[in-house]
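Structural overview for review
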Amino acid sequence: PPSHASSPALGPARRLARHGVFPATLGFALLATHALLERGTAPEAVVAIWFALMPVVAVLERLLPRHRAWNRSHDDALTDAIYLPASLLVAGGLQALWGGLYVALASALQAAVGSPVWPGAWPLAAQVVLACVAGELFAYWAHRAMHEVPWLWRFHAIHHSSRRVYWLNALRAHPGEHVFRGFISGVPLAVLGAPPEVLAYWMVIARVAGLFQHANVDFALGPFSWIFSIGELHRWHHSADKREADHNYGDTFIVWDAVFGTRFLPRGVPARQEVGIRGLEAFPTGWWAQQLAPFRFREIERASGAGPT
């Protein structure tokens, strides 16, 4: 069961913590971003705020656990620890690789239109909101495709194979997934020419939300359940029942799920504690075996007694 039995039983301090921990963390990150940019810090360096918040979220999992059992290793801690640096290296390398292509596409678009495409005269806050909404549209469809296209699901299944949802497995992803989703998700903002400071705010918001998306922290979403794809919304996305998991595709925001009818948050029903992929119990748990899993998926299905997908 979750760490709390019912809301009325919670003390005022616990209720305040549940409702305040996410907006307080996000607010701190945004204020820190503003301060660093004002001091002349390079926008790409501002994202380091994310690294500083990792241990904070790890501690919160101990202080405010959603499921205490998820704070114990499920034969996954070493695997996820390997994914952290490996995924950062892969994602960083791919970003550099795509950079040249993005510049070429941006130049072609600007030449075709005859003027800069990005509304640089808008207030900064409006530009950040536009970046969040526009960037999320591409990220939404890339993620949804990985659930609905069978050969893409073979790569994305690695992320869903975890038997618990906690902060460290946010980066559990195959390099093939990084190639597909990383390129598509980066297209709109890079090609439209969003300025570096706007990208800095967007990245900080996305990274902080990403930490809370997988965090085993018992926090209340409240009105944020219509803004961010985090907490209970993402726990439903990790349900072992794929019919429930095929919802809430937003990488950071839930807006496009609401538009396209894939938002799933049953009123008064907590997300399942059983996560993973039901019917695919033979999925490997080791890092190297998972790198090979998309190419031996039929074998894993047969070992699990499941039909092909």
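Note that this is a predicted model, so its numbers are computed, not measured.

With a phi close to 60°, Asp75 is a non-glycine residue in the positive phi region. Note that Asp75 resides in the loop between helix H3 (49-63) and helix H4 (77-113). Taking the relative accessible area as the measure of exposure, Asp75 reaches 56% and is therefore exposed.

This part takes up the environment of Val90. Here Val90 shows up in helix H4. Those residues in contact with Val90 that lie beyond four places of it in its chain are Pro175 and His178.

This part is about empty space enclosed by the protein. Applying the stated rule across the entire model yields 1 cavity of 30 Å³ or more. In this structure, the largest cavity spans a volume of roughly 40 Å³. In terms of lining residues, the largest cavity is bounded by Trp153, His160, Ser239, Ala240, Lys242, Ala245, Gly276 and Ile277. Of all the secondary-structure elements, those providing two or more residues to the lining of the largest cavity are helix H6 (150-160) and helix H10 (242-245). Counted by class, the lining of the largest cavity contains 4 nonpolar, 3 polar and 1 charged residues.

With 91% of its residues at a pLDDT of 70 or more, the chain has an overall mean of 89. Of all the helices and strands in the chain, H4 carries the lowest mean pLDDT, 78, while helix H11 (residues 255-260) carries the highest, 98. Note on residues 1-8: pLDDT is under 50 here. Beyond four places in sequence and across chains, it has 17 contacts.

Time to look at the packing of helix H5 (residues 124-148) against helix H7 (residues 175-192). Orientation of H5 relative to H7, taken along the N-to-C sense of each, is 155°, at an axis distance of 8 Å. Put simply, H5 runs roughly antiparallel to H7. You can see that H5 and H7 cross each other, and the crossing is right-handed. Contacts between H5 and H7 involve Ala131, Ala134, Gly135, Phe138, Ala139, Ala142, His143, Ala145 and Met146 from the first element and Glu177, Phe180, Arg181, Ile184, Ser185, Val187, Pro188 and Leu189 from the second. A class-by-class count of the residues in the contact of H5 with H7 yields 12 nonpolar, 3 polar and 2 charged.

Each value, and the rule that gives it
- All chains use their own residue numbering, which begins from 1 and follows the written sequence.
- Two thresholds apply to this predicted model, a pLDDT of at least 70 for residue-level local features and 80 or more for giving and counting side-chain atom pairs, whereas whole-chain, interface and lining totals are computed over all residues.
- By convention in this description, side-chain values take in all heavy atoms of the structure and omit both hydrogens and water.
- Only DSSP runs of H or I reaching four residues or more are called helices, and only runs of E reaching two or more are called strands; each is numbered from the N terminus.
- In this scheme, a residue with accessible area under 20% of its type's maximum is buried, one over 50% is exposed, and one in between is partly exposed, where area comes from a 1.4 Å probe on protein chains only.
- Throughout, a residue-residue contact means that at least one pair of heavy atoms, one from each residue, lies within 4.5 Å.
- The way it works is a 1 Å grid over only the protein atoms, where trapped points that fit a 1.4 Å probe form a cavity and open points with protein on both sides within 12 Å along at least five of seven lines form a pocket, and then any residue with an atom within 4 Å of a point lines it.
- Grid points are joined across faces, edges and corners, and a volume is the space filled by probe spheres set on the points.
- Each residue is assigned to one of three groups, with Ala, Val, Leu, Ile, Met, Phe, Trp, Tyr, Cys and Pro labelled nonpolar, Asp, Glu, Lys and Arg labelled charged, and all others, Gly among them, labelled polar.
- Per residue, pLDDT captures the predictor's confidence, and it can take any value from 0 to 100.
- For helices, the axis comes from a line fit to the C-alpha atoms of the stretch in contact; other axes are also lines fit to C-alpha atoms, and the angle between any two N-to-C directions lies between 0 and 180 degrees.
- Angular relationships are summarised with four words: roughly parallel below 35 degrees, roughly antiparallel beyond 145, roughly perpendicular across 65 to 115, and oblique for the angles in between.
- A crossing counts as left-handed when the near helix is turned anticlockwise from the far one by less than a right angle, and as right-handed when that turn is clockwise.

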